[in-house]
Amino acid sequence: MLQIHQFPCLSDNYGFLAHDPAIGETAAIDTPDATEYLAQAKKQGWTITQIWNTHWHPDHAGGNQAIKDATGCKIIGPRNEADKIPAIDEAVGAGDSVNLGSITAQIMDVPGHTLGHIAYHLPTEKTAFVGDAVFALGCGRVFEGTPDMMWASLSALKALPEDTALYCAHEYTAANAKFAITIEPDNPDLQAYVDDINTSRAAGKWTVPTLLSRELATNPFLRANEAHLQAAMGHAGDAVATFAEIRRRKDKF
Ligand code: ZN
Ligand code: FE
């Protein structure tokens, strides 16, 4: 059974170390801060043997070289932006899988935030490391891709088993909640979620990981296929245009 050690780093990133106790391997999920990752691994008594990058942004791959220098770990990252991943050893994409001890992660291509962004889905652990593709009540900004590309990526994530825990890379949830309720003010599941988020954050608690089932019921970016949202955004019958409009509003919010 996989052990996941989560810790805040930089201003609003989460660090994740995934550890297979049977084999003793540890994967660093992204590398926002090499010093913090190495310190957290040491505290756990773990040695980082792999890095799994989701995308090239410096708050995700900036610590690659320093962690590799310190541990000799193997770096796995997205094939479609491999040229931007420092010290990459193995480039992967949709259809590939990577192993941590006895645990398998299936690679999903989820472009849009960046053109090569990937997610790591661990079916036996009901876990997905999704980087900046999707957040609790949010999704990544569409920096490099297009709205239809991003909607296709979110649709692939939506199709994972509903009991999948989504390990998002940032604690953006309180701000996302303020926005989400403007899009779907009458959604009772969203109202309850916003209350829970405000309570959690007031108590200093993390809102990551989140459960896919809850996001499917509340996250406006995952709900662009809902007829009433399409109508409200002025794009009846068009999920991509609805997604694009929600994203446009969030970018200005
Ligand atoms: Zn990013
Ligand atoms: Fe990020």
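Check the entry above for the structure.
Right, let's walk through the structure included here. A quick note: this is a predicted structure, and the numbers were derived from the prediction, not measured. (Residues numbered from 1 in each chain as written. Chains lettered and ligands numbered in written order. Predicted model: local features only at pLDDT ≥ 70, side-chain atom pairs only at ≥ 80, totals over all residues. Heavy atoms only, no water.)

1. Thoughts on the coordination of the iron ion (ligand 2)
Each donor-metal-donor angle in an ideal tetrahedron of four donors is 109.5 degrees, and each such angle in an ideal octahedron of six donors is either 90 or 180 degrees.
Here is step 1 of the chain: Looking at the iron ion (ligand 2), one finds its protein donor set to be Asp59 (OD), His60 (NE2), Asp132 (OD) and His170 (NE2), positioned 2.0 to 2.3 Å from the metal centre.
Here is step 2 of the chain: Its four donor atoms give the iron ion (ligand 2) angles of 85 to 165° at the centre, a pattern that matches the irregular case.
Here is step 3 of the chain: For the iron ion (ligand 2), the donor residues sit on a single chain with the sequence spacing D-H-x71-D-x37-H.
Here is step 4 of the chain: Metal-to-metal, the separation of the iron ion (ligand 2) and the zinc ion (ligand 1) is 3.2 Å; aspartate 132 coordinates the two. One end of the pair, histidine 60, is in helix H2 (residues 58-61); the other, histidine 170, is in the loop between strand S13 (165-168) and helix H5 (173-183), and 110 residues separate them in sequence.
Here is step 5 of the chain: Classification of histidine 60 as buried rests on a relative accessible area of 0%. (Donors = N, O, S within 2.8 Å, 3.2 Å for Na, K, Ca; no water. Tetrahedral: all angles 85-135°; square planar, octahedral: opposite > 155°, others 65-115°. Helix = DSSP H or I, 4+ residues; strand = E, 2+ residues; numbered from the N terminus. Buried < 20%, exposed > 50% of the residue type's maximum accessible area, 1.4 Å probe, protein only.)

2. Things to note about the coordination of the zinc ion (ligand 1)
Here is step 1 of the chain: The zinc ion (ligand 1) binds to the protein through His55 (NE2), His57 (ND1), His113 (NE2) and Asp132 (OD); the donor distances cover 2.2 to 2.3 Å.
Here is step 2 of the chain: What the four donor atoms of the zinc ion (ligand 1) show is an angle range of 87 to 173° at the metal, which sorts the shape as irregular.
Here is step 3 of the chain: Sequence spacing among the residues donating to the zinc ion (ligand 1) works out to H-x1-H-x55-H-x18-D.
Here is step 4 of the chain: You can call histidine 57 buried: its relative accessible area is 13%.
Here is step 5 of the chain: When its relative accessible area of 4% is taken as the criterion, aspartate 132 is described as buried.

3. Focus on the packing of aromatic side chains
Here is step 1 of the chain: Inspection of the entire model under this criterion finds twelve aromatic pairs.
Here is step 2 of the chain: A centroid spacing of 5.1 Å and a plane angle of 75° characterise the contact between phenylalanine 7 and tyrosine 37, whose relative ring orientation is edge-to-face. Here phenylalanine 7, found in strand S1 (residues 3-9), pairs with tyrosine 37, found in helix H1 (residues 34-44); they are 30 residues apart in sequence, far enough to count as distant.
Here is step 3 of the chain: Measuring from centroid to centroid gives 4.9 Å for phenylalanine 135 and tyrosine 172, while their planes differ by 75°, and the two rings are edge-to-face. Within this pair, whereas phenylalanine 135 is found in strand S11 (residues 134-135), its partner tyrosine 172 is found in the loop between S13 and H5, the two being separated by 37 residues in sequence.
Here is step 4 of the chain: Ring-pair connections join several aromatic residues into one group, and the members of that group are Tyr14, Phe16, Phe129, Tyr167 and Trp206. (Phe/Tyr/Trp six-rings, centres within 6.5 Å; stacked < 30°, edge-to-face > 60°.)

4. With respect to H1
Here is step 1 of the chain: Every buried residue of H1 is accounted for by Ala34, Tyr37, Gln40 and Ala41. Take H1 and look down its axis: the buried residues cluster within an arc of 135°, on one side only. Exposed side of H1, more than 90 degrees from the buried face: Thr35, Lys42 and Lys43 are the residues found there.
Here is step 2 of the chain: Here the buried face of H1 lies against S1, strand S2 (13-20), strand S3 (25-29) and helix H3 (64-71).
Here is step 3 of the chain: The residue sitting at the N-terminus of H1 and contributing the capping side-chain oxygen is aspartate 33; that oxygen lies 3.2 Å from the backbone nitrogen of threonine 35. (Arc of directions from axis to C-beta. Contact = heavy atoms within 4.5 Å. Polar contact = N/O pair within 3.5 Å; in protein donor to acceptor, adjacent residues only side chain to side chain.)

By themselves, these observations are geometric and do not establish any function.
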